[in-house]
Amino acid sequence: MHPRFAKPLDTLSAPLKAALLPMLGDDFQARFTADQVATLKAATGLDDRALRLALLPLAAACSVAPISKFFVGAIACGLSGNWYFGANMEFAGQGLFHSVHAEQSAISNAWLGGETGISEITVNYTPCGHCRQFMNELSTAKTLKVSLPDDLSALQSFLPHSFGPADLDITDALMSPQSHDELQLESDDPLWQAALAAARQSYAPYSQGYAAVALQFADGRIFCGRYAENAAFNPSLPPMQMACAHAVLGGEDLATIRRAVLLESKDGQISQQDSARATLKALGSVELEYQAV
Ligand SMILES: [Zn+2]
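Just so it is clear, the model here is predicted, and its values are computed rather than measured. (Residues numbered from 1 in each chain as written. Predicted model: local features only at pLDDT ≥ 70, side-chain atom pairs only at ≥ 80, totals over all residues. Heavy atoms only, no water.)

A. Up close: the coordination of the zinc ion. Bound to the zinc ion are the protein donor atoms H101 (ND1), C128 (SG) and C131 (SG), situated 2.1 to 2.3 Å from the metal. Within one chain, the residues serving as donors to the zinc ion are arranged as H-x26-C-x2-C. Of this pair, H101 sits in the loop between β3 (83-87) and α5 (102-112) while C128 sits in the loop between β4 (118-123) and α6 (129-135); the two residues are 27 residues apart in sequence, bridging distant segments of the chain. (Donors = N, O, S within 2.8 Å, 3.2 Å for Na, K, Ca; no water. Helix = DSSP H or I, 4+ residues; strand = E, 2+ residues; numbered from the N terminus.)

B. Seen up close, the sheet that holds strand β7 (residues 211-217). The strand order across the open sheet built from four strands is β8-β7-β9-β10, with neighbouring strands paired in mixed fashion. Strands with a single pairing partner mark the edges of an open sheet, and in this sheet they are β8 (222-226) and β10 (288-292). The mean angle between the axes of side-by-side strands here comes to 15 degrees, regardless of whether they run parallel or antiparallel. Where β7 meets strand β9 (residues 257-264), seven bridges bridge the pair, whose relative direction is antiparallel. The residue bridging F217 from the neighbouring strand is I257, located in β9. Packed onto the sheet, helix α8 (residues 239-249) meets β7, β8, β9 and β10 and runs at close to 140 degrees relative to β8. (Pairing = 2+ DSSP bridges. Axes fitted to C-alpha atoms, helices over the stretch in contact; angles between N-to-C directions. Contact = heavy atoms within 4.5 Å.)

C. Quick peek at the nonpolar core. Counting residues in each nonpolar core, the largest one holds 72 residues, and the members touching the most others are I118, I121, M135, L215 and L254. Here M135 is in contact with E103, I107, I121, P127, A141, L144, V146 and L155, once residues within four sequence places are set aside. Core analysis: the next-biggest nonpolar cluster, separate from the first, contains 25 residues, L12, L24, F32 and A59 among them. (Core = buried A, V, L, I, M, F, W, Y, C linked by side-chain atoms within 4.5 Å. Buried < 20%, exposed > 50% of the residue type's maximum accessible area, 1.4 Å probe, protein only.)

In structure tokens:
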């Protein structure tokens, strides 16, 4: 088990702790299958919402917040019934725009896990405006519920007079299946293959700048991030940020990145190259490998 879970685990009820422990082994990917959720509910007698609230301290334990020291945890419920942790991530000494919010982290985790939408998201603090806008891009934005320790409301109640994809005549939505198979790359390198597969599933209806990052760590594991664009532009989540957040959820230390590759469409209106290099430099990490295809 990752040491970050030891302290929050001790605050849980005995039945929840006992049922949870076998699930938190070294291969824990910050996700629970629907079967695992059913096991936890049976062991504790808690309903879905109460169980997610009880699990929030574990999600928040994945937070990396050296600047704010404000540890946010989120749990997204995928349409499959699986649950996904998320946590905020900040980069010490760097511009705040590099940050990833807990809701973005949980939604990325669900999207990378193969979900095509989320039904509910549980957070330990009320979502900021940036996250409300980010979530308004989702395939399930009209029905999504936001669960807080003292409230359960529809996302739309947080966003009166909202602005979203439809205002820019976009009918596509974040987490809806994407297949940008026009992106082609001849390479047997597993890292580039991972980046290609992720870029084909990226979401960039405003710029067509389909892009993904794949990171390889000292232990050999690979983590990807897909570009997730937003109608309000600034809340867009760059692929490097998503890859870093996903790796942290998987228990990696960003200081142990051994290779980083960015693959993007050569036909997009924008490029992630400079932004990805800046984030990587902030980590004092390796040089970015880059291809536009
Ligand atoms: Zn936020």
